[in-house]
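These are the residues of each chain, in order.
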Amino acid sequence: MPEVEIQLDAEAGAWRIGNSRVECRVQWCDGTLTWAVTDKANHRIVIGPSGLPLAQLDGQSLLPAGKVSTAEIPYPDGSVALSVSFDVNDGLARLVRYYQVWPEQPFVRTWGVLENCDGQAHHVTHAEILRADVSSGQPLSLFHVDQFNWVYRRDFFNQHQVPLIAGRAPVEVRMGAFPSAYADATSCGWFALRDGKFDRPDDVQPNSGYGFVAGIEFNGKSRVRAWATRDHADATTAHLVSAIDELNHRLEPGDRFDVPACFAGVFEGDWDEAGYVTQRFAEVHVHPPMPDERYPWVQYNSWGYDQNIDEAQQLAAIELCARLGVEVVVLDLGWAAQIGEWRAHAGKFPRGLRPLSDRAHELGIKFGLHIPLAQANVAAPVAQQHPDWLIHQENDYFGAPPLCLGHAPCREWLIGEIVRLIDGDGVDYFVQDGEDMVKRCDKTTHTHAPNPSNCIHSTRGLDVVIETVRNLRPHVIWENCEDGGCMLTYKMARLYFTTITVDNIATYATRQGVYGASYPFSPRYSVRYMQDDPTPYTLRSAIFGGPLILMQRVTEWNEGQIAQTKQAIDQYKALRGLVRNAKVIHLLPPRYNVEGKGWGWDAIQAVSPDQSRSVVMVYRAMGDAPRKTIRPRGLRAQSTYRVRLVDNGYSCDLSGEMLAGQGIDVDLAELSSEMIWIDAQS
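Below is a summary of the structure that appears in this document.

## Observations concerning the overall build of the protein
Here is step 1 of the chain: Per the secondary structure count, the protein includes 11 helices and 39 strands.
Here is step 2 of the chain: For 682 residues, the compact-globule formula gives about 26 Å, and the C-alpha radius of gyration of the protein, at 26 Å, lands near that figure.
Here is step 3 of the chain: Taken over the C-alpha atoms alone, the protein extends approximately 75 × 70 × 45 Å along its principal axes.
Here is step 4 of the chain: Counting across all 682 residues of the protein, residues that qualify as buried make up 60%.
Here is step 5 of the chain: Counted over contacts in the protein with a minimum sequence separation of 6, partners at least 24 positions apart contribute 69%.
Here is step 6 of the chain: Counting only carbon and sulfur atoms, one obtains 49% of the accessible surface of the protein, whose full area is about 24600 Å².
Here is step 7 of the chain: Averaging the coordinates of the 63 positive side-chain charges in the protein and doing the same for the 84 negative ones gives two points 3 Å apart.

## Considering the sheet that holds strand E28 (residues 477–481)
Here is step 1 of the chain: In space, the 8 strands of this open sheet follow the order E29-E28-E27-E26-E23-E22-E31-E30, with parallel pairing throughout. Every interior strand has two partners, whereas the edge strands, strand E29 (498–499) and strand E30 (528–530), have only one.
Here is step 2 of the chain: In the sheet, strand E26 (residues 366–371) pairs with strand E27 (residues 429–433) via 4 bridges, with the strands oriented parallel. Each bridged residue has a counterpart across the sheet, and for Gly368 the counterpart in E27 is Tyr429.

## Section: the packing of helix H2 (residues 311–324) against helix H3 (residues 354–362)
Here is step 1 of the chain: The contact between H2 and H3 brings their axes to 10 Å, and the two run at 10°. As summarised for this structure, H2 and H3 are arranged roughly parallel, according to the angle between their axes. Between H2 and H3, the contacting residues are Glu311, Gln314, Leu315, Ile318 and Glu319 on the first element and Pro355, Leu356, Arg359 and Ala360 on the second.
Here is step 2 of the chain: For the contact of H2 with H3, the per-class residue count stands at 5 nonpolar, 1 polar and 3 charged.

## Section: the pattern of salt bridges
Working definition: two side chains of opposite charge can pair if their charged atoms are close together.
Here is step 1 of the chain: Applying the stated rule across the entire model yields 38 salt bridges.
Here is step 2 of the chain: Of the charged contacts, one joins Glu467 and Lys491 as a salt bridge, the two residues approaching to 3.1 Å between their closest N and O atoms. Residue Glu467 is located in helix H6 (residues 454–472), and its partner Lys491 is located in the loop between E28 and helix H7 (492–495); the two are separated by 24 residues in the primary sequence.
Here is step 3 of the chain: Judged by its relative accessible area of 31%, Glu467 is partly exposed.
Here is step 4 of the chain: Here Arg613 and Asp679 are joined by a salt bridge, their closest N and O atoms 2.7 Å apart. Here Arg613 is found in strand E34 (residues 613–620), whereas its partner Asp679 is found in strand E39 (residues 672–680), with 66 residues between them in sequence.
Here is step 5 of the chain: Via salt bridges that share partners, Glu172, Arg223, Arg225 and Asp245 belong to a single interconnected network.

## Some details on the nonpolar core
Here is step 1 of the chain: Counting 133 residues, the largest nonpolar core has Trp335, Leu373, Ile418 and Phe430 as the members making the most contacts within it.
Here is step 2 of the chain: With residues near it in sequence (within four places) discarded, Leu373 still touches Leu403, Leu405, Leu414, Ile418, Gln432, Asp433, Met437, Leu462, Ile466 and Trp478.

## Points about the packing of aromatic side chains
Here is step 1 of the chain: By the definition in use, this model includes 25 aromatic pairs.
Here is step 2 of the chain: With 5.1 Å between their ring centres and 80° between their planes, Trp102 and Phe281 make a pair best called edge-to-face. Here Trp102 is found in the loop between strand E10 (93–101) and strand E11 (107–116), whereas its partner Phe281 is found in helix H1 (residues 271–285), with 179 residues between them in sequence. Considered together, Trp102 and Phe281 belong to a single accessibility category, that of buried residues.
Here is step 3 of the chain: On the basis of an interplanar angle of 65° and a centroid distance of 4.8 Å, the ring pair of Tyr397 and Phe398 is categorised as edge-to-face.
Here is step 4 of the chain: Among the residues examined, Tyr397 registers a relative accessible area of 7% and is labelled buried.
Here is step 5 of the chain: For Phe398, a relative accessible area of 48% translates into the label partly exposed.
Here is step 6 of the chain: Over the ring of Trp271 we find Arg194; its NZ or CZ atom is 4.5 Å from the centre of that ring.
Here is step 7 of the chain: A cation sits over an aromatic face here: Lys221 above Phe178, 5.6 Å from the ring centre.

## Structural notes on the sheet that holds strand E16 (residues 190–195)
Here is step 1 of the chain: With antiparallel pairing, 9 strands are arranged side by side in an open sheet as E8-E9-E10-E11-E21-E17-E16-E13-E14. For this open sheet the edge positions go to strand E8 (64–74) and strand E14 (159–164), each flanked by a neighbour on one side alone. Pairwise comparison of adjacent strand axes, ignoring direction, gives a mean angle of 20° for this sheet.
Here is step 2 of the chain: Both E16 and strand E17 (residues 209–217) contribute to a ladder of 5 bridges, which runs antiparallel. Looking across to E17, one finds that Phe191 is bridged to Ala214.

## Considering the pairing of strand E9 (residues 80–88)
One face of the sheet, then the other: side chains in a regular strand alternate in exactly this way.
Here is step 1 of the chain: Burial runs high along E9: 8 of the 9 residues are buried.
Here is step 2 of the chain: With 8 bridges joining them, E8 and E9 adopt antiparallel strand pairing. Within E9, the residue paired with Ala71 across the bridge is Ser83.
Here is step 3 of the chain: What sits between the antiparallel neighbours E8 and E9 is a turn of 5 residues, in which Gly78 has the positive phi angle 90°.
Here is step 4 of the chain: Strand direction decides the pairing type here: E9 and E10, joined by 9 bridges, are antiparallel. Bridging across to E10, Asp87 finds its partner in Arg94.
Here is step 5 of the chain: Connecting E9 to the next strand, E10, in antiparallel fashion are 4 residues, including Asn89 with a positive phi near 50°.

## Focus: the environment of Lys628
Here is step 1 of the chain: One can find Lys628 in strand E35 (residues 627–630).
Here is step 2 of the chain: In sequence terms Lys628 and Asp483 are 145 residues apart; their C-alpha atoms lie 36 Å from each other.
Here is step 3 of the chain: Setting aside chain neighbours within four positions, we find Lys628 in contact with Leu588, Trp601, Ile664, Asp665 and Val666.

## A closer look at the pairing of E28
Here is step 1 of the chain: Burial runs high along E28: 5 of the 5 residues are buried.
Here is step 2 of the chain: A two-sided burial pattern is seen for E28, the buried positions comprising Ile477, Glu479 and Cys481 on one face and Trp478 and Asn480 on the other.
Here is step 3 of the chain: Pairing of E27 with E28 involves 5 bridges; the strand directions are parallel. Paired with Tyr429 across the two strands is Ile477, which belongs to E28.

## Quick look at the packing of H2 against helix H10 (residues 559–581)
When two helices pack together, you describe them by how their axes are tilted relative to each other and by the distance separating the axes.
Here is step 1 of the chain: One way to put it is that H2 packs onto H10 with a least axis distance of 9 Å and a crossing angle of 50°. Classified by the interaxial angle, the pair formed by H2 and H10 is oblique. Within the contact between the two elements, H2 uses Leu320, Arg323 and Leu324 and H10 uses Glu559, Ile562, Thr565, Lys566 and Ile569.
Here is step 2 of the chain: Of the residues contributing to the contact of H2 with H10, the split by class is 4 nonpolar, 1 polar and 3 charged.

## Focus on unusual backbone geometry
Here is step 1 of the chain: Put simply, Tyr295 and Pro296 share a cis peptide bond, and its omega is 5°.
Here is step 2 of the chain: Pro547 follows Gly546 through a cis peptide bond whose omega is -5°.
Here is step 3 of the chain: Relative to the assigned elements, Pro547 resides in the loop between helix H9 (536–540) and strand E31 (548–550).
Here is step 4 of the chain: The phi dihedral of Glu104 falls on the positive side, at around 70°, and the residue is not glycine.
Here is step 5 of the chain: Relative to the elements of secondary structure, Glu104 occurs in the loop between E10 and E11.

Rules and cut-offs
Residues numbered from 1 in each chain as written. Predicted model: local features only at pLDDT ≥ 70, side-chain atom pairs only at ≥ 80, totals over all residues. Heavy atoms only, no water. Helix = DSSP H or I, 4+ residues; strand = E, 2+ residues; numbered from the N terminus. Rg over C-alpha atoms; globule rule 2.2 N^0.38 Å. Buried < 20%, exposed > 50% of the residue type's maximum accessible area, 1.4 Å probe, protein only. Contact = heavy atoms within 4.5 Å. Areas by Shrake-Rupley, 256 points an atom, 1.4 Å probe, with all protein chains shown as cover. Lys, Arg positive; Asp, Glu negative; His and termini not counted. Charge placed at Lys NZ, Arg CZ, Asp CG, Glu CD. Pairing = 2+ DSSP bridges. Axes fitted to C-alpha atoms, helices over the stretch in contact; angles between N-to-C directions. Parallel < 35°, antiparallel > 145°, perpendicular 65-115°, else oblique. Nonpolar A, V, L, I, M, F, W, Y, C, P; charged D, E, K, R; others polar. Salt bridge = Lys/Arg side-chain N within 4 Å of Asp/Glu carboxyl O. Core = buried A, V, L, I, M, F, W, Y, C linked by side-chain atoms within 4.5 Å. Phe/Tyr/Trp six-rings, centres within 6.5 Å; stacked < 30°, edge-to-face > 60°. Lys NZ or Arg CZ within 6 Å of the ring centre and 35° of its normal.

Keep in mind these numbers describe shape, not what the thing actually does.
Here it is, written out as structure tokens:
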């Protein structure tokens, strides 16, 4: 039997595509297309049949018509997609839905394409990314994680577990590229649904169940709505709909509209398991491959100096970085003539950037630049020559107005500027930044339709810029830094190698970001911007996940700070191979960002896939008791493990069952930490 198999049931008008883990059944009946996913390991959760994700042309719903045709599409990675196509609205357009399955993976990826078959232009005014109905005889809860926001709240990347109860108003979760000054909550583009008991804050162990998990591959603004109903058998059904916000996409004759993709799958376990199955799938089938075996790297970023940087200062920083073992150096805002004029500032870098990139390369270090690529000062040549490319002329980001990447000539100019920088200045790495990367533009003079233009500024704006440059210069690594840690979607994670979680802020908030973001995203998508002065506590707080990025004025450090940082970097390098492939176990959440220093204890764990090795990072901020019992999980219950507290020096042998049950006591002073290594002995 092939690893992925497609079967046709002609009489039932149904097609099956599946592997050893899941089966997706697509059925055409009475002019309606439905899809359902079967978890072959259990049948407590029933996924579907769910209706076709809805769409509208010119405000009118699509009405299927005509003959249905299908095709089997093999891919080089061993996956197979089933395409199902049919006419809509009496031949006005044609819709194709795709369902893709990989060998051994518990996920189905689905997306759509709508083609204008008419002789005149139309507008796509509504499109859903996902529509799924999930049923169980037990209560169902929705789980999602906030993304960064400067103004919404001071506790970053909060996790939300929401019971879905019949009769209650729908839960609504915003996702995508919202500006960090947006006054309401926004979420990572991922969510999970699980049956069974609801987790309580005082539970010693989390609850488990069977569940459904999904990742949204769209950088524009979207939202998920979830609500529950009960049937005659008293089973709960959760209804999940993900739809694009503010859609008004002009579709010329013969043009195609790409309905964004999502992937949906099944899991058994707790919320950590929902994250882990997502991460293992995404590392192989969504994310760009690891740049090398050292990744995620140790990096330096010049923002500690603000924009007051120059050649001599940064050459000295590069020399120190080589001593420390840094692998990438990045010039942050301030290196360019001005925002939108992407050439070295003549006063700060009279010889250009080549002396810095050449010296970094001589030392075996990659060289990078920060670029707010969708912004331009009004005095920049591009704004002077093409003032219409600016969406408006007010301050949007450090005094610079926004550029419209949905306008084709502007987008093409930007791609050319970035490629010129790479080739001319020896750039290996970009930090993409700016205020709200998916802009809103009203202009009728641009190549996109007037507002709402949320979708095209993403799919044919920012996404095209990054995709094109990556294809033209595949060696260059991209980091997402959308205004401090927004746009945490799986389209971002398909385009970028890593992402910031929280902006350049204090230690405790950074731990909050990594703790929350490591549910949906692999640990390498948790950039650690280290702002605080190096101490054993601040350094230890920065070495789980990655990349580790030093954002201090490193040339002003004393020898003690240099030695402490070098030691922490060595620890980070020893950890990263384990952590990047690990199952992340969330033990104690950092919930209380009090005056920037935090309150109480938090702990996070990484367990190797074979459960032979684990590390636990334990922190105590301000307050709470000086002793805490830590209960590591995810280990083999009957195996014996050597447990070693790195700073305390204590070691003992305990079984995995004893570690999870009785735990191990840790004593810490305020603003201190401990690292626990756990290695299998049998």
